[in-house]
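The residues making up each chain are set out below.
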Amino acid sequence: MSLNQKLADLMFPDVTHSPEHFENIYPPRKLNEGARVTRIAPSPTGYLHLGVLFTAMVNRIAAKSTGGVFYFRLEDTDKKREVEGGAEDILKGLEAFGVIPDEGLTASGEEIGRYGPYRQSERAGIYHVYAKSLVELGLAYPCFCSEEEREKARQEQEKMKLRTGYYGEFAVCRGLTAEQAIEKIERGLPFVVRLRSPGSEENRIVFDDLIKGRIEMPENDEDIVLLKSDGIPTYHFAHAVDDHLMRTTHVIRGDEWVSSAPKHLQLFKVLGFKPPKYAHVSPIMKDDDGGRRKLSKRKDPEAAVRYYAEQGYPADSVMEYLMTIANSDYEEWRRRNQKADRSEFKFSLKKMSVSGALFDINKLNDVSKTVIAAMDAKPVARQVLDWAGEFDKGFYDRLNRDFDYTVGIFSIDRGGDKPRKDIAKWSDVPDYVSYFFDETFEIRDGLPDNVKPEDAAKIIGEYLKVYNPDEDKTQWFETMKSICPKLGFCPEVREYKKNPEGYKGHVGDVSAVIRLAVTGRKNTPDLCSIMKLLGKDRVFQRLEQMKRKLENQ
Ligand code: GLU
């Protein structure tokens, strides 16, 4: 037995398998030529960040557009940073936005697919097999340096203005012979496993990032840690082993990992794996005081995906918006293909922003208004109810009293060529529809400037005489006009404009008074439809009430 073999056996007494075993268990996937295998691989360290949803969406489209596979892997090796329920939150969050993995962990807790386990914490045995094989080949070694020794070396490097890290002369344990290492292990000294890096800082590596283009960097010469002293892998090592065995073709991840790419490419090479293609997604940016910065977890509530649920943005709005920032020609495509499914858009990684897509909440609101305007009344009513059930109990109760009435509210001015675009999110709705409910009805606007209270009272008085709830829109407006002359108002706006001195106002002012009495507002959707829905009794009551109020002023 060679000394390296002996050392490897001593370091990994529990390992019985060889890498071939896993190569056989996880064979290359049988997919069509060009089909991509992508993944989202978050750590369960907290809430779902918009950036993760964005990257997951991009991964999903990148796979689905080629008939490939998009899977979910949980990178839960850092138990200290793990948050209880973190994985479920992420999975449920992704599911709520339709970013559903084909394989891996799922929101229901089930694991799908034959390339698992998909939780890194359950893959220790696999990492150890590969680490052991590297030790056998002399490509990795145990390092016994303590934290204190490492810290001292780091300070020394800083003092000498050198790059920090375990490389060259600072890679103390690299020089140990197998015998020396065996002796230390037999003495029970704790160790980490390091890569024996074959790289040199003088050499450069070049790779083609699918978003950022050609990238050239110095080769890695650091003997990076592969396994920590508790046997848990580092991200670098787990990434190489997992993405190889899960047969990932495209690693699309946050660009904080670009600088680690030389390490990763080297690891793939040393392990004898074919490297995946890389695409590094720039972070979502935000305008701040004239400058630009990353959307921040601490400063920006909109960085958390939860925010969109709380505010009541339909999932579809958020996804439409994220598509517009993923590929800038999406908006134009959407204008030309209003009814098409998003998946028909020709998404391209190459079209993604290198400097970082800019997040703009006003733009999201615009996109969302268009999405909501195109929905039918019933799904709107259902989604508003769902939202209210969770975030506004009082409103939920009002809405839930009469579902048909609720659908009626959302049917007004819906459909047609020019639907109203005034709801951006469900949290806009309680205020937007407040006048449909007696509990929340209030007069919040004033009379038109040119209408005196006594004239307004007269307008209402005349209207009460002729109000007929059965009238359609055209008849309704004719009725409005018909009461104008005796009140001193002009029934035709055009006539009025020719001779404004001759009248107190025009038919628009007359209907504005009625609108104010019935809804409390200056602007609303179609008043005739509103009055029909409110019903005769309520309309009468509101008109009478306003008339009395005006008479007493
Ligand atoms: N767990 C890593 C992260 O959350 C994954 C990066 C990757 O996609 O490889 O940043």
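For the structure itself, look to the data block above.
Residues numbered from 1 in each chain as written. Predicted model: local features only at pLDDT ≥ 70, side-chain atom pairs only at ≥ 80, totals over all residues. Heavy atoms only, no water.

1. A few points about the overall build of the chain
As a reminder of what qualifies: Going along the chain from the N terminus, every DSSP run of H or I of four or more residues is numbered as a helix, and every run of E of two or more is numbered as a strand. We take the radius of gyration over the C-alpha atoms and set the globule estimate at 2.2 Å times the residue count to the 0.38 power. When a residue's accessible area, from a 1.4 Å probe over protein chains only, is under 20% of the maximum for its type it is buried; when over 50% it is exposed; and in between it is partly exposed. Every residue pair with non-hydrogen atoms within 4.5 Å of one another is taken to be in contact. With residues, only the protein chains shown are counted as cover, and all accessible areas are computed by Shrake-Rupley using a 1.4 Å probe. Neither His nor the chain ends contribute to the count of charged residues, in which Lys and Arg are positive and Asp and Glu negative. Every charge is mapped to an atom, namely NZ of Lys, CZ of Arg, CG of Asp or CD of Glu.
In terms of helices and strands, the chain carries 23 helices and 16 strands. Its C-alpha atoms give the chain a radius of gyration of 33 Å, more than 25% over the compact-globule value 24 Å for 553 residues. Overall, the chain is about 110 × 45 × 40 Å in size when its C-alpha atoms are taken along their principal axes. For the chain, with 553 residues in total, the buried portion stands at 50%. The contacts of the chain with a sequence gap of at least 6 include a subset with a gap of at least 24, amounting to 73%. For the chain, the accessible area works out to roughly 27,300 Å², and carbon and sulfur atoms hold 48% of it. For the chain, the distance from the average position of its 86 positive side-chain charges to the average position of its 90 negative side-chain charges is 3 Å.

2. What about the nonpolar core?
One broad trend across soluble globular proteins is that nonpolar side chains are buried collectively. Worth spelling out the cut-off: Nonpolar core, defined: a set of buried Ala, Val, Leu, Ile, Met, Phe, Trp, Tyr and Cys residues in which side-chain atoms within 4.5 Å join the residues together.
Within the largest apolar cluster, 110 residues are counted, with the highest numbers of intra-cluster contacts made by M57, F237 and L322. A per-element tally of this core places helix 3 (residues 50–64) first, with nine residues. When near neighbours in sequence (up to four residues on either side) are disregarded, F237 contacts Y127, Y130, A131, L134, L226, L227, L267 and L271. In this structure, A377, I423, L516 and L543 belong to the second largest nonpolar core, which totals 55 residues.

3. Concerning the site of the ligand
Spelled out, the test is: Here a residue is considered near a molecule or strand provided that any single heavy atom belonging to it is located within 4 Å of it. We define a polar contact as two N or O atoms separated by no more than 3.5 Å, with the added condition that, inside protein, one atom must be a possible hydrogen donor and the other a possible acceptor, whereas residues neighbouring each other in sequence contribute only through side-chain atom pairs. Residue classes follow a fixed rule: Ala, Val, Leu, Ile, Met, Phe, Trp, Tyr, Cys and Pro count as nonpolar, while Asp, Glu, Lys and Arg count as charged, and any other residue, Gly among them, counts as polar.
Every residue near the ligand is listed here: R39, A41, P42, S43, E75, Y235, R253 and W257. At a separation of 2.9 Å, a nitrogen atom of the ligand approaches a polar backbone atom of A41. Measuring from an oxygen atom of the ligand, one finds a side-chain N or O atom of W257 at 3.2 Å. Here the ligand has 300 Å² of accessible area as a free molecule, and 81% of this is covered by the chains. In terms of residue class, the shell around the ligand is built from four nonpolar, one polar and three charged.

4. Looking at the pairing of strand 1 (residues 37–40)
Note the cut-off: The pairing criterion for strands is at least two bridges between them, as found by DSSP. If you view a crossover with the strands going away from you and the path from the first strand over the helix to the second runs clockwise, you call it right-handed.
With burial as the criterion, each face of strand 1 is covered, one bearing V37 and R39 and the other bearing T38 and I40. Judged from the four bridges that link them, strand 1 and strand 2 (residues 69–72) form a sheet pairing that is parallel. Note on strand 2: the bridge partner recorded for R39 is Y71. Once the chain exits strand 1 it traverses helix 3 before rejoining the sheet at strand 2, and the crossover so formed is right-handed.

5. A closer look at unusual backbone geometry
Here the bond from G116 into P117 is cis, since omega is 0°, no more than 30 degrees from zero. Here P117 lies in the loop between strand 4 (111–112) and helix 5 (124–136). The phi torsion at D289 lies on the positive side, around 55°, for a residue other than glycine. Structurally, D289 can be placed in the loop between strand 12 (285–288) and strand 13 (291–294).

6. As for the sheet that holds strand 12
As summarised here, the arrangement of the three strands in space is 13-12-14, forming an open sheet in which the pairing is mixed. Either end of the sheet is taken by a strand with one partner, and the two such strands are strand 13 and strand 14 (358–359). Pairing geometry for strand 12 and strand 14, over two bridges, is parallel. Residue pairing for strand 14: M285 is matched across the bridge by L358.

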